[in-house]
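Topology and contacts: notes
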Amino acid sequence: MIYRAMPAVWDPQFRRRFYERWGYENAVISARTRRAEYPEFKQLLSIKAAVGGAENYFVDGRRITVDDDTFAIFNTDRVYASSIEALRPVHSFSIFFDRKLVAQAWNALARPASLLDEAPDAELAPPEFAERLYEHEKLVSPVLRHIRAAVDAGPVEDAWLEEQLSFLVSRMLRLQRRALRIEAFVPSRKPATRRELMRRLSLGVDFMQSRYRDAVLLKDVAAAAHLSPFHFLRVFKTVYRVSPSEYLSRKRAAAALRLLQDSDWSMNEIAEHVGFGSRTSLYRHLRTCYGVLPRELRSRP
């Protein structure tokens with residue numbers, strides 16, 4: 001299924017046809033809207049992206065905001081709600097994966113090549129993905145953009161889409177393996193403790209990515225991660241090689257850069273909007289991140 005408008009599940013006729021198919025096959029939603037709100041629902045494995053704005057997801061009592069810098073992954077049977085509230089249309093892009101496709105991709109990657117020709121006694125259960133925000137990178141993001149561009153350009157063949165989604169799942173699984181390697185940097189001897197600390201760090205990262213426009217302090221981020229400020233700071237710097245404040249400034253600078261290039265907002269308006277607070281702080285951080293003055297960034301195509 002491909003939807004180029006946000007599913008109108010509030011319409012009884014649409015809802016009946018929609019749920020006859022929803023959950024039984026792959027689905028892609030690629031639509032622009034200024035406002036949307038969906039209640040909690042148990043979903044398939046999905047990957048979320050947004051262009052030109054932000055989309056909020058509400059899961060386990062917290063808000064995860066996907067925007068131009070990030071994408072999110074939610075596991076099969078995860079229950080969450082979502083909403084968009086924006087001044088200009090946001091391009092919401094979501095892919096929902098059929099259970100069989102995910103299982104097939106995982107079995108192909110996880111089973112040794114010597115066993116591929118043999119009938120397996122049992123299918124290998126696919127892993128749980130780390131449910132968090134991921135900064136756009138060179139593994140998954142290019143495939144997401146490729147599929148979105150093709151879907152937005154017009155009709156696509158079912159066979160092509162299934163091939164692309166299979167490829168995307170394989171990239172997501174490779175991203176998961178990369179995350180496990182990063183976990184090795186968490187300062188703990190026990191694997192279970194490393195996994196839990198990495199999960200909590202991710203909660204802190206999600207908090208900064210989602211609330212960067214607010215006055216965020218270390219104690220706020222640490223509280224979101226369920227760690228003491230000292231412990232969070234120490235573990236974060238060990239894993240990410242920067243401090244939380246540096247990470248937050250990098251996020252704000254990226255948001256400011258987009259506004260410099262895509263809007264006619266004043267420097268003061270941009271500084272206030274992205275959380276820098278003052279024009280002076282905006283100048284300083286943009287120069288630190290990009291090595292040039294803000295007016296040079298604004299003049300670039």
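Each remark here, short or long, concerns the structure printed above.
Below you will find a few notes about this structure. Note that the structure is a prediction, hence the values are computed from the model and not measured.

Another point: the pairing of strand S3 (residues 45–51). For S3, a buried count of six out of seven residues is recorded, marking the element as mostly surrounded by other parts of the structure. Where S3 lies against strand S7 (residues 79–97), seven bridges are found, and the strand directions are antiparallel. Bridge assignment links Lys48 to a residue of S7, and that residue is Ser94. Here four bridges tie S3 to strand S6 (residues 70–74), and the two strands are oriented antiparallel to one another.

What follows covers the nonpolar core. The biggest cluster of nonpolar side chains holds 33 residues, and the ones touching the most others in it are Leu201, Phe232, Phe236, Ile270, Val274, Leu282 and Leu286. When contributions to this core are tallied by element, the ones reaching two or more residues are helix H5 (191–211), helix H6 (218–224), helix H7 (229–240), helix H8 (244–262), helix H9 (267–274) and helix H10 (279–290). For this core, the leading source of residues is H8, giving eight residues. Sequence-distant contacts of Leu282, defined by excluding residues within four places in its chain, comprise Ala256, Met267, Ile270, Ala271 and Phe276. In this structure, Leu101, Val140, Leu144 and Leu168 belong to the second largest nonpolar core, which totals 28 residues.

This next bit is on the pattern of salt bridges. Applying the stated criterion across every chain, the model contains 15 salt bridges. A salt bridge links Lys251 to Asp69; the nearest nitrogen and oxygen atoms lie 2.9 Å apart. Pair noted here: Lys251 is in helix H8 and Asp69 is in the loop between strand S5 (62–66) and S6, with a separation of 182 residues, a long-range link. You can call Lys251 buried: its relative accessible area is 5%.

Cut-offs used in this document
Residues numbered from 1 in each chain as written. Predicted model: local features only at pLDDT ≥ 70, side-chain atom pairs only at ≥ 80, totals over all residues. Heavy atoms only, no water. Buried < 20%, exposed > 50% of the residue type's maximum accessible area, 1.4 Å probe, protein only. Helix = DSSP H or I, 4+ residues; strand = E, 2+ residues; numbered from the N terminus. Pairing = 2+ DSSP bridges. Core = buried A, V, L, I, M, F, W, Y, C linked by side-chain atoms within 4.5 Å. Contact = heavy atoms within 4.5 Å. Salt bridge = Lys/Arg side-chain N within 4 Å of Asp/Glu carboxyl O.

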